[in-house]
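Okay, here's what each chain looks like letter by letter:
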Amino acid sequence: MSKLFRAVIMGPPGSGKGTISERIAHSFGLKHISSGDFVRENISANTEAGVLAKTYIKKGLLVPDHVMTRLLLPRLEEMTKYSWLLDGFPRTLAQADALNSICDLDVVINLNIPLETLKERLRHRWTHPSSGRVYNMYFNPPRIQGLDDITGEQLIQQEDDRPEALVARLRHYKDIAKPVIDLYKAKSILYTFSDTETDRIWPNISTLLSTKIPIGQSDARCASTH
Ligand SMILES: Nc1nc2c(ncn2[C@@H]2O[C@H](COP(=O)(O)OP(=O)(O)O)[C@@H](O)[C@H]2O)c(=O)[nH]1
Ligand SMILES: Nc1ncnc2c1ncn2[C@@H]1O[C@H](COP(=O)(O)OP(=O)(O)O)[C@@H](O)[C@H]1O
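Residues numbered from 1 in each chain as written. Chains lettered and ligands numbered in written order. Predicted model: local features only at pLDDT ≥ 70, side-chain atom pairs only at ≥ 80, totals over all residues. Heavy atoms only, no water.

Mapped onto the present numbering, the UniProt feature "domain: Adenylate kinase active site lid" (unreviewed entry) falls on residues 125-160. Secondary structure content for residues 125-160 is 0% helix and 22% strand, and the end C-alpha separation is 11 Å. (UniProt positions renumbered as here; feature names shortened; annotations may be inferred. Helix = DSSP H or I, 4+ residues; strand = E, 2+ residues; numbered from the N terminus.)

What follows covers the confidence of the model for the protein. Low-pLDDT stretches of the model should not have their predicted coordinates read in fine detail. Model confidence for the protein is summarised by a mean pLDDT of 88, while 93% of its residues fall at 70 or above. Confidence drops under a pLDDT of 50 for residues 218-226, and excluding neighbours within four residues, the segment shows 24 contacts in the predicted structure. (pLDDT = per-residue confidence, 0-100. Contact = heavy atoms within 4.5 Å.)

This part takes up the site of ligand 1. Around ligand 1 sit 17 residues in total, of which Gly14, Thr19, Arg125, Asn140 and Thr198 are the nearest. Asn140 is positioned such that a nitrogen or oxygen atom in its side chain is 2.8 Å from an oxygen atom of ligand 1. Residue Glu197 places a side-chain N or O atom 3.2 Å away from an oxygen atom belonging to ligand 1. Isolated, ligand 1 exposes 590 Å² of accessible area, and the fraction of that covered by the protein chains is 91%. (Near = heavy atom within 4 Å. Polar contact = N/O pair within 3.5 Å; in protein donor to acceptor, adjacent residues only side chain to side chain. Areas by Shrake-Rupley, 256 points an atom, 1.4 Å probe, with all protein chains shown as cover.)

Residues in contact with ligand 2 amount to 16 residues; listed here are only the nearest, Ser35, Leu61, Gly88, Gln95 and Arg169. A distance of 2.7 Å separates a nitrogen atom of ligand 2 from a polar side-chain atom of Ser35. In this structure, an oxygen atom belonging to ligand 2 sits 2.8 Å away from a side-chain N or O atom of Arg169. Taking 550 Å² as the accessible area of ligand 2 by itself, protein coverage stands at 89%. For the shell around ligand 2, the leading source of residues is helix α2 (residues 35-44), giving 3 residues. Here the shell around ligand 2 is composed, by residue class, of 7 nonpolar, 4 polar and 5 charged. (Nonpolar A, V, L, I, M, F, W, Y, C, P; charged D, E, K, R; others polar.)

With that out of the way, let us pick up the pairing of strand β6 (residues 133-136). Where strand β5 (residues 125-128) and β6 come together, 4 bridges link them in antiparallel fashion. Among the inter-strand pairings, Thr127 is bridged to a residue of β6, identified as Val134. Linking β5 back to β6 in an antiparallel pair, the connection comprises 4 residues, with Gly132 at a positive phi of about 85°. (Pairing = 2+ DSSP bridges.)

Among the nonpolar cores identified, the biggest contains 31 residues, and Met10, Trp84, Leu86, Leu99, Leu105 and Tyr184 are the most heavily contacted of them. Of all the secondary-structure elements, those providing two or more residues to this core are β1 (6-10), α2, α3 (48-58), α4 (65-77), β3 (84-87), α5 (93-100) and α7 (163-186). When neighbours within four sequence positions are excluded, Leu86 is seen to be in contact with Ala7, Val8, Ile9, Ile33, Leu72, Leu76 and Leu99. In this structure, Ile9, Leu111, Leu166 and Ile201 belong to the second largest nonpolar core, which totals 23 residues. (Core = buried A, V, L, I, M, F, W, Y, C linked by side-chain atoms within 4.5 Å. Buried < 20%, exposed > 50% of the residue type's maximum accessible area, 1.4 Å probe, protein only.)

Glancing now at the packing of aromatic side chains. For the structure shown, the criterion picks out 0 aromatic pairs. Over the aromatic face of Tyr82 sits the side chain of Lys31, whose NZ or CZ is 4.6 Å from the ring centroid. (Phe/Tyr/Trp six-rings, centres within 6.5 Å; stacked < 30°, edge-to-face > 60°. Lys NZ or Arg CZ within 6 Å of the ring centre and 35° of its normal.)

Take the UniProt feature "binding site: a ribonucleoside 5'-triphosphate" (unreviewed entry) in the protein next. The positions UniProt marks with the feature "binding site: a ribonucleoside 5'-triphosphate" (unreviewed entry) are Gly14, Ser15, Gly16, Lys17, Gly18, Thr19, Arg125, Val134, Tyr135 and Thr198. Set against the largest cavity, the annotated residues that line it come down to Lys17. For Gly14, a relative accessible area of 12% gives the class buried. Setting aside anything within four residues of it in sequence, one finds Gly14 in contact with Leu118, Arg121, Leu122 and Arg125. Tracing the backbone shows Lys17 in helix α1 (residues 17-28). Taking the relative accessible area as the measure of exposure, Lys17 reaches 11% and is therefore buried. When residues no more than four places from it in sequence are discounted, the contact partners of Lys17 are Ile9, Met10, Gly11, Pro12, Asp87 and Leu111. A distance of 2.9 Å separates a polar atom in the side chain of Lys17 from the backbone oxygen of Gly11. (1 Å grid on protein atoms, 1.4 Å probe; cavity = no way out; pocket = protein on both sides within 12 Å on 5 of 7 lines; lining within 4 Å.)

Rolling a probe over the atoms, with the probe sized like a water molecule, indicates the empty space that remains. In this structure the tally under the stated criterion is 1 cavity of 30 Å³ or more. Reported here for the largest cavity is a volume of approximately 70 Å³. In terms of lining, the largest cavity is formed by Ile9, Met10, Gly11, Lys17, Gly88, Phe89, Pro90, Arg91, Tyr173 and Ala177. Grouping the amino acids of the lining of the largest cavity by side-chain chemistry returns 6 nonpolar, 2 polar and 2 charged. (Points joined across faces, edges and corners; volume = space filled by probe spheres on them.)

Structure, rendered in structure tokens:
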């Protein structure tokens, strides 16, 4: 069997991780694992970790490292046969160390998007809470205003997407992400993309992955989980 491909996508809230992950999963056949979606699934299923995670998310806090690693690592260990893209994890150095103990990453995509752009995007982000699907009123609006395309259910605007909450979230992101970024830079697997538009970043990411993903990996076996 040819070597499997392991990638991480990092970036502040609103940087386009979810949007770009969907495109990568679709174009390259990687499994897309979103830590936020996974946490939300656990909350809906009332698992022990889900109940615990909820108490932090409600306060706008990150879920503690030991809870996240206990949730995510077993899931990754189930995926040894697949190439995957991890979105939203690791967020801290402790999570990066835990991930490092179970696998070697091939590529880390780092999205570097100006603050004003992030604020503007999140002001117009609408989410389908049970699936985690996101829309933007201008960039990718739902077919019917206010409703999810797949289920027809109501979309909501998340509390922490409000501009007032965002500045603090972004500052916090920068502080905790820096050592993670430095770690991946030192390993020479970090690729940073800076722009205000996903559509301008995407061709560069696509070119990078075309050179990195072993032939034979982009097959139906590794279809997106979404
Ligand atoms: N205007 C605009 N909105 C975008 C662009 N890329 C993504 N978005 C929207 O910005 C919001 C944040 O993107 P998302 O993928 O959820 O970012 P994440 O928080 O990093 O996962 C969503 O509402 C997207 O639909 C872009 O290039 N331009
Ligand atoms: N790796 C992680 N470490 C800690 N908390 C996390 C992690 N991934 C997700 N979460 C929690 O789940 C919430 C939703 O995650 P996500 O959908 O990735 O949101 P966003 O990128 O908009 O912050 C986060 O705000 C955080 O509380």
